[in-house]
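Descriptive analysis of the structure
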Amino acid sequence: MSIKKSPWISFFNAGGCNGCTLECFACFNPRYDVTRFGMELKASAKHADILLVTGIVNNHNKKRLLNIYEQLPEPKRVVAIGACAITGGLYKGSYSQAGPVDKVIPVDVYVAGCPPRPESIIDGIRKCLNDKRSR
Amino acid sequence: MHEKIFPIGPQHPSLKEPIFLKLHVDGSYITKAEFNLGYTHRGVEKCAEGYLLDTALHAVQRTCGICSQCHSMAFLNAVEPMTGVQVPEKVYLQRLITAELERIHSHLLWGGVMAHEIGLETLFMYYWREREHILDIFDELTGNRVHHSPDLIGTAKRSFNKENLQMVLEKLDLVEPEIKELRNVMENHDVITSRFKKHGNIPKKMAEDLDLVGPTARASGVNYDVRQNAPYMAYGIKELKVKPVIRSEGDSWGRTMIRCDEIFESMRLVRKACEMIDPNEEVPKKKNLIAKGDFSRGRTEAPRGENFHFVAIENNRIKRLKLRTPTLANVISYARIMEGEDITDVPVIVMSLDPCISCMERVAVIRNGKQENWTSHELFEGKKYD
Ligand code: SF4
């Protein structure tokens, strides 16, 4: 099953600086305004289709991330945002790293950058729509 | 009466960053508050060990996505005197412009999130629209929206030219009337005044005892601002002396108005610095520098308060790095100020201290192999304030 339109977005900071978080929120401001794609920011993962994850996923947070992933209803997609989420970035090999994200939960789209610009985050989210893969 | 436990977080609608609050409630009144940290701990200090100084500069900037320039300046405050490098005034002024713009962006961001917390979505949109203009300036001046990293040890990556400064002034002229209007809304909106006034009280004595910093302390009448009390870099120049905004309310309302007013003080500093800067001067080329001495420390006033860096150096590499960010000093007061408040006021009180959880994750209380919550009983040792 794939997500066709109007995905609702939830968001989790699994141990990053605030940079990526802010750029994710910036997508919802009047300049970038992803609401025009029918997207909406949902606080609870239970209401969302796409989960944006930022940060290195530290030991303390790993269980919470798994929990949140399980709460996402099917069909679900995960977007890893920022260098930290993709490889660990600056904190690669840190004692508190349990990630990167794809070691903990399956990731569909990677958006690179430290932090990525809102344009590329929007592009990443759009890539989740109507994708052919099934899980 | 039945006491119930009401957990909030780590992932929760009213929190943009993970923190865990455990509230003991009686009806809807909070009798005791505990909190737990560590959800975004990444080990910045340990990772930076062994880095060359230039690399470490990038590492400390990534401590925080909101005040990255203030972290970089605190680090440079510590390291530059050790290398003995002569820094030209233009570089100092450029750093001041970036840091003050960062303060504006941080307070606008906070205003938006605060409006979001109390359900005023339109106000949130207005705040974040103005913030985009400030980010545009960063984009133009440094090439990055969030982690600007314009600094090198002893110099800067590029020098601001005439068009850059022109653009800064034009953008400020563009946003100033809008921000004035937003301040008006904050000041006169019935919902805001009724939910902010007299909630989350921090008396002056408590602020002093806990060593609170930044706007949180200044809202309780503590006259402390690193830019004024220990001027660093360009803040030492006579025309750029800071006049901190002080208020005496000590509640959520006071903290809100302080942040609204600080934006204008920052704008004055940026305008003045743009005037003083010589657009034709080039910044010096980067030199290879050797740091002498064992350790040093640096302080800056970040948007949320005092930022402290301790740097120990061995063979031009970091031996030990210690960061202390303002939020850690402020967040301690949560355990006390929530007591006796209604549970519906929690989001407002949490946001009124403007916490930046991601950059403060340094400490965990571990006892018998288990992580413990922070409680008001432990933190205050039974002290009373009224
Ligand atoms: S990728 Fe960069 S901006 Fe994003 S969380 Fe990591 S350090 Fe911060």
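Throughout this description, residue numbers start from 1 for each chain and increase along the sequence as written. Lettering of chains starts at A and numbering of ligands starts at 1, both following the order in which they are written. For this predicted model, a pLDDT threshold of at least 70 governs which residues receive local features, and a threshold of 80 or more governs which side-chain atom pairs are given and counted, while totals over whole chains, interfaces and linings are taken from all residues. As a rule here, side-chain values cover all heavy atoms of the structure and leave hydrogens and water aside.

1. Structural notes on helix α3 (residues 68-83) of chain B
All names here are of chain B. Taking 1.5 Å of rise per residue, the 16 residues of α3 would be expected to cover 22 Å, and the 22 Å separating its terminal C-alpha atoms lies within 8% of that figure. By the largest-angle criterion, Asn-77 marks the main kink of α3, which is about 30°, and a proline, Pro-81, follows within four residues. Among the 16 residues that make up α3, 15 are buried, leaving the element largely enclosed by the rest of the structure. Secondary structure is summarised from DSSP: a helix means a run of H or I of at least four residues, a strand means a run of E of at least two, and numbering begins at the N terminus for each. Just downstream of α3, Gly-84 is the residue with a positive phi angle, here 70°. Helix span is expected to be 1.5 Å times the residue number reduced by one. Note that the bend at a residue is defined as the angle between axes fitted to the seven residues ending at it and the seven residues starting at it. Here's how the labels work: a residue is buried when its accessible area is under 20% of the maximum for its type, exposed when over 50%, partly exposed in between, all with a 1.4 Å probe on protein chains only.

2. Considerations on helix α6 (residues 162-188) of chain B
Residue and element names in this part refer to chain B. With 27 residues, α6 extends 40 Å from end C-alpha to end C-alpha; this agrees with the ideal 39 Å at 1.5 Å per step. In the structure, α6 departs most strongly from a straight axis at Val-175, where the bend amounts to approximately 30° and where the proline Pro-177 lies between one and four residues downstream. Looking at α6, one finds that the buried residues are Asn-164, Leu-165, Met-167, Val-168, Lys-171, Leu-172, Val-175, Glu-176, Ile-179, Leu-182, Arg-183 and Met-186. Buried residues in α6 make contact with α4 (89-117), α5 (121-142), α7 (190-196) and α11 (252-276). Any two residues having at least one pair of non-hydrogen atoms within 4.5 Å are treated as being in contact.

3. Considering the sheet that holds strand β8 (residues 317-324) of chain B
All names here are of chain B. Here, any two strands with at least 2 DSSP bridges between them count as paired. The strand order across the open sheet formed by three strands is β6-β7-β8, and the pairing between neighbours is antiparallel. Each edge of the sheet is formed by a strand with only one pairing partner; in this case those strands are β6 (295-302) and β8. On average, adjacent strands in this sheet sit at an angle of 20° to one another, irrespective of strand direction. Sheet analysis places strand β7 (residues 305-314) next to β8, joined by seven bridges and oriented antiparallel. Note that in β8 the partner of Glu-314 across the bridge is Arg-317. Taken strand by strand, helix α2 (residues 53-61) contacts β7 and β8, and its axis lies near 20° from that of β8. Strands β6, β7 and β8 of the sheet are contacted by α3, whose axis makes an angle of about 150° with β6. Every axis in this analysis is a line fitted to C-alpha atoms, fitted for helices over the stretch in contact. Angles between the N-to-C directions lie between 0 and 180 degrees.

4. Some details on the confidence of the model for chain B
Residue and element names in this part refer to chain B. Overall, the predicted model of chain B reaches an average pLDDT of 87, with 95% of residues at or above 70. Per-residue confidence from the prediction method is given by pLDDT, with values spanning 0 to 100. Per-element confidence in chain B ranges from a low mean pLDDT of 64 for helix α16 (residues 376-380) to a high of 92 for α6. Per the prediction output, this complex has pTM 0.92; the corresponding ipTM is 0.90.

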